[in-house]
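Analysis of the macromolecular model
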Amino acid sequence: MAKNLIIVESPAKSKTIKKFLGSNYTVVASNGHVRDLPKSQMGIDFENDFEPKYITIRGKGELLASLRKEVKKADKIYLATDPDREGEAISWHLFFALKLDPKKTKRITFNEITKNAIRQAIKESREIDMDLVDAQQARRVLDRIVGYSISPLLWQKVKRGLSAGRVQSVALRIIADREAQIDAFIPREYWSLEAEFSIQGSKKPLVAKYYGNPKKQENISKEELDAICKELKGSSFQVSEIKKGERTKKPPLPFTTSTLQQECAKHLNFATSKTMRIAQQLYEGVAVKGRGTIGLITYLRTDSTRISQEADAECKEFIRETYGEENVMENTVQKKETKKIQDAHEAIRPTYVDLTPAMVKDSLSRDQFRLYQLIWKRFVASRMNGAKYETTSVKIDAGKYRFTSSGSKIVFPGFLSVYQNEEDKAENNAVLSKVSKGDVLEVSDLKKEQHFTQPPAHYTEASLVKELEDLGIGRPSTYAPTISTLISRRYLAKENKNLYLSDLGDIVNKIMVSAFPSIVDVNFTATMETLLDGVAEGTVEWKSIIRNFYPDLKEAVEHAEQALEKIEIEDEVTDTLCENCGRNMVIKYGPHGKFLACPGFPECRNTKPYFEKIGVKCPKCGGEIVIKKTQKGRRYYGCENYPECEVMTWQKPSKEICPKCGSMLLEKGNKLVCADSSCGTIMEKQKDKA
């Protein structure tokens, strides 16, 4: 009997696959890549048309020796690494590292680890797709050239340990630009008005919002609202229109990598890296009671919403049996794709739709269960009919002024019986059913409320992933590592889901924007991604991208070496004395920013927090306002006498005080805004004479 060898990436995956194949199949794991560019040098032969110099990854020698022994025993070898560009490249590297015979070596791919998928993949085995390999090589070489050309410049000009990257630096700029918008944002005051009406037979009042006169009015000032309320006194409020209708909410599409990361961040509070790590476990295989080790979801790196015909039919049959025929969607809605879908993958879905979350709960960790449940519910919901709501809207007129009230109730839940978010809930306003057209209503209260326009929201991991996807920057496999790198390098601080630019991130971003504008240009990076897709399609030669890109980068690096001044981070001596040895402590830079340290290190290891004064007195106690950092590294301004004095602000206080109320003025772009929101003072910021 012929002996067949299947090589996959991970031991977990090999364990899952083994159970589907006979004794004439041996399944082994390469533990990821076996060859890569060297860490200690560029690894690109510029004189030889940018040929990459691959070496065996340190520590993989014994593993390769073991794999070679298995190769010698085999009559046929199947390279079964992941079904994407990265997986294709790993197979290609294995082919060369193990010196495989092309006559007996084949490539197989599958989007789910099931018996049928594995056996079908073996039947449809093929040659290694060099277009996909070259697309991965192009990305790897581009990233290496950018990183290894610019990072040493940052070490030279700022400090060691910094890094730049082709996608990473663009993501950093996107966040920096948003932070600048938030800092420069000046809130604008506006007011709203609500009327409460007592309705006979109802304990709850009917609440209606002021709409206009009768055209819609927005951004109403306090003076305008006071005048409206004055005219409304003594007016008769009459129901002028009741409109009933119906609306349908479409079911969601099944998950892609991006939408999965976004939903997990919003509803499970998972970091993108955690989502991908747990999804990988569910894909490769988990021991389920009564089933053995099985893969629970399909491949997790995809930007497609496509579902195979077999999976679609199985899911609809499951819905028919479980939720009833009326819930089965007849014509499945497909998203119109605006760009090439990576390798024609399916969306992320459960491999066995009949394996409900409740059935596997005891076999999974808490986080594995929550993620599987989310994927299962979303997939099943995507094959169900939409939810139908009955809507009611009421218009109430008082002279020329109009108020409106609306509500809705679910009349057919559809997919909501499986998958429901906060925004899907109906706005039930039962009291609306107790009024009729022409009714004169009795006003019990008019409520005025002050509001302020809000700045753009800080990016979260979820919203940053969405932005990168919308702009065409990066691909499903790059979102999580990009964000993880920015946080681990301490360019970003993450607090309560929000991402904030650190001082270090600000410095690096400014250098990149001034010295390498094309690298951090959103359109340039998106165009580069399109070219890399062209390589995968076989329409672009991969080295032509490098040949066109490198000369401009080399020129920019040489110019930056001359033009950029070194940012000296010297030890500044302070008046603070070390309690242990009496020396004047100095300011040092650490991962979280500045701190005080004894210059007698290593004999004296005393350190303490450093609070930089900004030359502004606290309006409450007269102490100094200093720069502080939260535990995660986000900067804010507070009184040095904390906790006795709790004055703090996220915006930088000005030396000037509000001429109207005496409060602090905060710097927002080129304006000064009163810290007391009820005051509303806004002034032009004086330019520094220096």
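The following paragraphs examine the structure supplied in this document. Predicted model only: the values in this text are computed from it and were never measured. Counting restarts for each chain, with residues numbered from 1 along the sequence as it is written. The predicted nature of this model means local features are confined to residues of pLDDT at least 70 and side-chain atom pairs, given and counted, to a pLDDT of 80 or more, with totals for whole chains, interfaces and linings taken over all residues. Hydrogens and water molecules were not included; the side-chain quantities draw on all heavy atoms of the structure.

**Considering the sheet that holds strand E7 (residues 76-79)**
Rules: Two strands qualify as a pair provided that DSSP identifies no fewer than 2 bridges between them. Helix numbering and strand numbering both begin at the N terminus, where a helix is a DSSP run of H or I of at least 4 residues and a strand a DSSP run of E of at least 2. Working convention: axes come from line fits to C-alpha atoms, limited for helices to the stretch in contact. Angles between N-to-C directions cover 0 to 180 degrees.
The 4 strands are arranged E2-E1-E7-E8 in an open sheet whose pairing can be described as parallel. Looking at the sheet topology across the chains shown, the edges are occupied by strand E2 (25-29) and strand E8 (105-107). Ignoring which end each strand starts from, the neighbouring axes of this sheet average 25 degrees apart. Bridge count between strand E1 (residues 4-8) and E2: 5 bridges; the pairing is parallel.

**A short note on the packing of aromatic side chains**
What describes a pair of aromatic rings is the distance from one ring centre to the other and the angle between the planes of the rings. Defined as follows: Working definition: rings of Phe, Tyr and Trp (its six-membered ring) pair if their centres are within 6.5 Å, and the pair is stacked with planes under 30 degrees apart, edge-to-face with planes over 60 apart, and tilted otherwise. Placement of a charge over a ring requires the Lys NZ or Arg CZ to be within 6 Å of the ring centre, with the centre-to-atom vector within 35 degrees of the ring normal.
Evaluation of the coordinates by the stated rule reveals 14 aromatic pairs. Ring geometry for Phe-95 and Phe-96: centres 5.6 Å apart, planes at 80 degrees, overall edge-to-face. Of the aromatic side chains, those joined through ring pairs into one cluster are Phe-197, Tyr-210, Phe-237, Tyr-401 and Phe-403. A cation over a ring is seen here: Arg-178 above Tyr-459, with NZ or CZ 4.2 Å from the ring centre. The aromatic ring of Trp-191 is capped on one face by Lys-222, whose charged end is 5.6 Å from the ring centroid.

**Considering the sheet that holds strand E26 (residues 648-649)**
The 4 strands lie next to each other as E23-E24-E25-E26, forming an open sheet whose pairing is antiparallel. Single-partner strands in this sheet number two, and they are strand E23 (612-617) and E26. Both strand E25 (residues 635-639) and E26 contribute to a ladder of 2 bridges, which runs antiparallel. Opposite Gly-638, over in E26, you have Met-648 as the bridge partner.

**With respect to empty space enclosed by the protein**
Rules: Cavity: a set of points on a 1 Å grid over the protein atoms alone where a 1.4 Å probe fits but cannot get out. Pocket: an open set with protein on both sides within 12 Å along at least five of seven lines, its lining residues, like those of a cavity, having an atom within 4 Å of a point. Grid points are joined across faces, edges and corners, and a volume is the space filled by probe spheres set on the points. We call Asp, Glu, Lys and Arg charged. Ala, Val, Leu, Ile, Met, Phe, Trp, Tyr, Cys and Pro are nonpolar, and the rest, Gly among them, are polar.
Within the structure shown, the criterion is met by 2 cavities of 30 Å³ or more. Quantified by volume, the second largest cavity comes out at close to 30 Å³. Around the second largest cavity, the lining residues are Ala-311, Glu-314, Cys-315, Arg-349, Pro-350, Thr-351, Tyr-352, Val-353 and Phe-379. Of the residues forming the lining of the second largest cavity, the biggest block, 3 residues, is contributed by helix H10 (residues 309-323). Its residues placed into classes, the lining of the second largest cavity shows 6 nonpolar, 1 polar and 2 charged.

**Digging into the environment of Ala-171**
Applied cut-off: Throughout, a contact is declared for two residues whenever any of their heavy atoms are within 4.5 Å.
Relative to the assigned elements, Ala-171 resides in helix H6 (residues 168-184). Not counting residues within four places of it along the chain, the set of residues in contact with Ala-171 comprises Leu-468, Thr-482 and Leu-486.

**What to know about the packing of helix H9 (residues 272-284) against helix H12 (residues 366-382)**
We count it as follows: Roughly parallel refers to an angle under 35 degrees, roughly antiparallel to one over 145, roughly perpendicular to one between 65 and 115, and oblique to any angle outside these ranges.
Where H9 contacts H12, the axes come no closer than 10 Å and their chain directions differ by 85 degrees. When the axis of H9 is compared with that of H12, the two are roughly perpendicular. Counted together, Lys-274, Thr-275, Ile-278, Ala-279, Gln-281 and Leu-282 of H9 and Asp-367, Gln-368, Leu-371 and Tyr-372 of H12 form the full contact between these two elements. Of the residues in the contact of H9 with H12, the class split is 5 nonpolar, 3 polar and 2 charged.

**Here's the deal with the environment of Val-8**
Following the sequence through the fold, Val-8 ends up in strand E1. Counting along the chain gives 419 residues from Val-8 to Glu-427, while the straight-line C-alpha distance between them is 51 Å.

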